[in-house]
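Letter by letter, the chains look like this.
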Amino acid sequence: MSEQSKRKNGASATGKSATAEQSVMRELGVHGQRWAEVFDGYFSDANAAGPLLDAVEKAIEVGKPDVLADLGGGTGFLLAELLRRGLLTVRLVDVDLSEKQLSACANGGIVKLQSPLNQVTRRQLLAGEERLLLMSRSMLHYFGRDGIDPLLKHLRMQLHPGEFFVHQSACFARQGDADLMNLLYERMETVKWFFTRDELAARLQRAGFAVRAASPAPPLQMSSADLGERYGLGPEEKAAIGREIVEKFGCGQKIFTQEGDEFRATLCYCIFTCEAV
Ligand SMILES: C[S@@+](CC[C@H](N)C(=O)[O-])C[C@H]1O[C@@H](n2cnc3c(N)ncnc32)[C@H](O)[C@@H]1O
């Protein structure tokens with residue numbers, strides 16, 4: 001790996017691979033106010049968020065939490081939407097590592113906690129016998145192929161049996177689509193990792209969660225222009241990545257289309273309602 005590649009990847013001089021935290025630092029350019037605009041405004045779109053927020057509201061009805069923590073909650077958009085829908089009975093905490101994301105969260109009804117997610121503890125979020133609900137959107141893949149299991153186990157340890165973790169996570173129905181997306185992200189020199197829906201469900205179960213419901217969420221359309229801005233790719237790099245993917249997987253893929261030197265990729269999501277058991 002070249003020195004430039006190592007820097008992009010966040011890899012240390014010793015060759016140790018990038019951590020989720022280093023992935024966050026690499027994306028600071030699109031954090032804060034800019035976050036609402038990238039990817040055609042997906043992350044600030046109330047309609048796109050609707051199915052996840054419906055699932056969270058159901059879990060609130062069943063679990064009756066005192067505190068709802070959005071893990072990797074970014075600018076607090078999802079929690080602000082819940083407030084807009086009339087959620088007044090639950091204390092809301094936006095947990096994120098990025099100060100820039102948290103500084104764009106201006107809603108006085110939301111408490112902000114700057115922390116790496118694999119270190120956040122129940123005690124930081126609530127007191128005594130209070131009940132906790134965790135949620136997240138588009139966060140698990142930051143932890144990479146080897147980091148997801150330890151993270152899921154850590155999150156499970158923060159919950160009591162009967163409490164819920166409701167999350168919208170990137171995953172694919174077909175192994176071939178997961179392979180394509182993993183190659184794309186590897187070529188963009190990130191450690192992010194995508195499983196199939198079944199594999200992710202199996203990992204949730206192994207971590208001590210019972211998956212009570214799983215349903216698709218609106219997919220994220222990503223242009224190579226957006227990806228280039230996020231990961232610092234030049235025109236030649238983007239064109240070469242597009243060519244390699246078409247060569248390996250063929251054209252006519254539902255989740256990847258090439259348009260001249262640019263491309264579009266589709267990230268599929270599933271909403272999992274998981275109960276700690
Ligand atoms: C793709 S963004 C999604 C933001 C928000 N959930 C939403 O849907 O708009 C992922 C967020 O997770 C945060 N994040 C990723 N890895 C993290 C980690 N290890 N610790 C804390 N936050 C992390 C990033 O800073 C970023 O705000």
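None of the values given here were measured: they were computed from a predicted structure.

A word on the overall build of the protein. The helix and strand inventory of the protein stands at twelve helices and nine strands. Relative to the 2.2 N^0.38 estimate, which gives 19 Å for 277 residues, the radius of gyration of the protein is 18 Å and therefore close to what a compact globule would have. Projecting the C-alpha coordinates of the protein onto the three principal axes gives extents of approximately 55 × 40 × 35 Å. Counted over contacts in the protein with a minimum sequence separation of 6, partners at least 24 positions apart contribute 74%.

What follows is about the site of the ligand. Around the ligand lies a shell of 19 residues, among which Ala20, Gly72, Gly74, Leu97 and Arg137 are the nearest. The set of elements that each furnish at least two residues to the shell around the ligand consists of helix H2 (20-26) and helix H5 (77-84). In terms of residue count, the dominant contributor to the shell around the ligand is H2 (three residues). Tallied by class, residues from the shell around the ligand come to ten nonpolar, six polar and three charged.

Counting buried positions along strand S5 (residues 164-172) gives nine out of nine residues, so the element sits mostly inside the fold. Of the two faces of S5, the one carrying Phe164, Val166, Gln168, Ala170 and Phe172 and the one carrying Phe165, His167, Ser169 and Cys171 are both buried. Pairing geometry for strand S4 (residues 132-137) and S5, over five bridges, is parallel. Across the sheet, arginine 137 pairs through a bridge with glutamine 168, a residue of S5. A crossover connection joins S4 to the parallel S5 through helix H8 (residues 144-158); in handedness this β-α-β unit is right-handed. Sheet analysis places S5 next to strand S9 (residues 262-276), joined by seven bridges and oriented antiparallel. Paired with serine 169 across the bridge in S9 is cysteine 270. Direction of pairing for S5 relative to strand S6 (residues 195-196): parallel, over a ladder of two bridges. Residue cysteine 171 lies in a different strand from S6, and its bridge partner there is phenylalanine 195. Regarding topology, helix H9 (residues 175-187) serves as the crossover connection from S5 to the parallel S6, and that connection is right-handed.

Attention shifts here to the packing of helix H4 (residues 46-63) against H5. Geometry of a packed helix pair, given as the angle between the helix axes and the separation of the axes. Their axes nearest at 10 Å, the elements H4 and H5 cross at an angle of 75°. Taken together, H4 and H5 sit at an angle that is classed as roughly perpendicular. Between H4 and H5, the contacting residues are Ala46, Ala49, Leu53 and Val56 on the first element and Leu78, Glu81 and Leu82 on the second. Grouping the constituent residues of the contact of H4 with H5 by class yields six nonpolar, no polar and one charged.

Backbone geometry at lysine 64 places phi at a positive 45°, although glycine is not the residue there. The residue lysine 64 is located in the loop between H4 and strand S1 (67-71) in this model. C-beta crowding within 10 Å serves as the criterion here: with 11 such atoms nearby, lysine 64 is assigned to the exposed category.

To continue, consider the nonpolar core. Leu134 and Met181 are the most contacted members of the largest nonpolar core, which has 78 residues in total. Excluding residues that lie within four positions of it along the chain, leucine 134 makes contacts with Ala69, Leu71, Leu155, Leu159 and Phe165.

So, about the environment of methionine 188. Turning to its location among the elements, methionine 188 is positioned in the loop between H9 and S6. Separated by 44 residues in sequence, methionine 188 and glycine 232 place their C-alpha atoms 8.6 Å apart. Once residues within four sequence positions are removed from consideration, methionine 188 is found in contact with Leu227, Tyr231 and Leu233.

Along the chain, alanine 80 falls in helix H5. Here alanine 80 is in contact with Asn107 and Ile110, once residues within four sequence places are set aside.

Close contact between H9 and helix H12 (residues 235-249) brings their axes to 11 Å; oriented N to C, the two are set at 155°. Classed by the angle they form, the pair H9 and H12 counts as roughly antiparallel. Seen along the crossing, H9 lies across H12 with a hand that is right-handed. Contact residues: H9 offers Leu180, Leu183, Leu184 and Arg187, while H12 offers Ile241, Glu244, Ile245, Lys248 and Phe249. The class makeup of the residues in the contact of H9 with H12 is six nonpolar, no polar and three charged.

Attention now goes to the environment of phenylalanine 143. With respect to the helices, strands and loops of the structure, phenylalanine 143 is situated in the loop between S4 and H8. C-beta crowding within 10 Å serves as the criterion here: with 21 such atoms nearby, phenylalanine 143 is assigned to the buried category. When the C-alpha atoms of phenylalanine 143 and alanine 20 are compared, they prove to be 5.1 Å apart, with 123 residues separating the residues in sequence. In this structure phenylalanine 143 touches Ala20, Ile148 and Leu151, once residues within four positions along its chain are discounted.

Rules used throughout
Chains are numbered independently. Their residues run from 1 in the order of the written sequence. Local features in this predicted model are restricted to residues whose pLDDT is 70 or higher, and side-chain atom pairs enter the listing and the counts only when it is 80 or higher, whereas totals over whole chains, interfaces and linings include all residues. In this description a helix means any DSSP run of H or I spanning at least four residues, a strand means any run of E spanning at least two, and both kinds are numbered starting from the N terminus. Restricting the calculation to C-alpha atoms gives the radius of gyration, and the globule rule supplies 2.2 Å times the number of residues raised to the power 0.38. C-beta atoms are placed from the backbone for every residue, and two residues are taken to be in contact when these atoms lie within 7 Å. Each residue gets a C-beta atom placed from its backbone. If that atom is within 6 Å of a molecule or strand, the residue is near it. When residues are sorted by character, Ala, Val, Leu, Ile, Met, Phe, Trp, Tyr, Cys and Pro go into the nonpolar class, Asp, Glu, Lys and Arg into the charged class, and all the rest, Gly among them, into the polar class. Exposure in this text rests on C-beta crowding, where 20 or more other C-beta atoms within 10 Å of a residue's own make it buried, 12 or fewer make it exposed, and counts in between make it partly exposed. The C-beta atoms are placed from the backbone. Strands qualify as paired when DSSP identifies two bridges or more between them. If the strands point away from the viewer and the path from the first strand over the helix to the second runs clockwise, then the crossover is right-handed. For helices, the axis comes from a line fit to the C-alpha atoms of the stretch in contact; other axes are also lines fit to C-alpha atoms, and the angle between any two N-to-C directions lies between 0 and 180 degrees. Here the angle decides the label: under 35 degrees means roughly parallel, over 145 means roughly antiparallel, 65 to 115 means roughly perpendicular, and every other value means oblique. In this description, a nonpolar core means buried residues of the types Ala, Val, Leu, Ile, Met, Phe, Trp, Tyr and Cys, linked to one another by C-beta atoms lying within 7 Å. For any helix crossing, the convention is left-handed if the near helix is rotated counterclockwise from the far helix by under a right angle, and right-handed if that rotation is clockwise.

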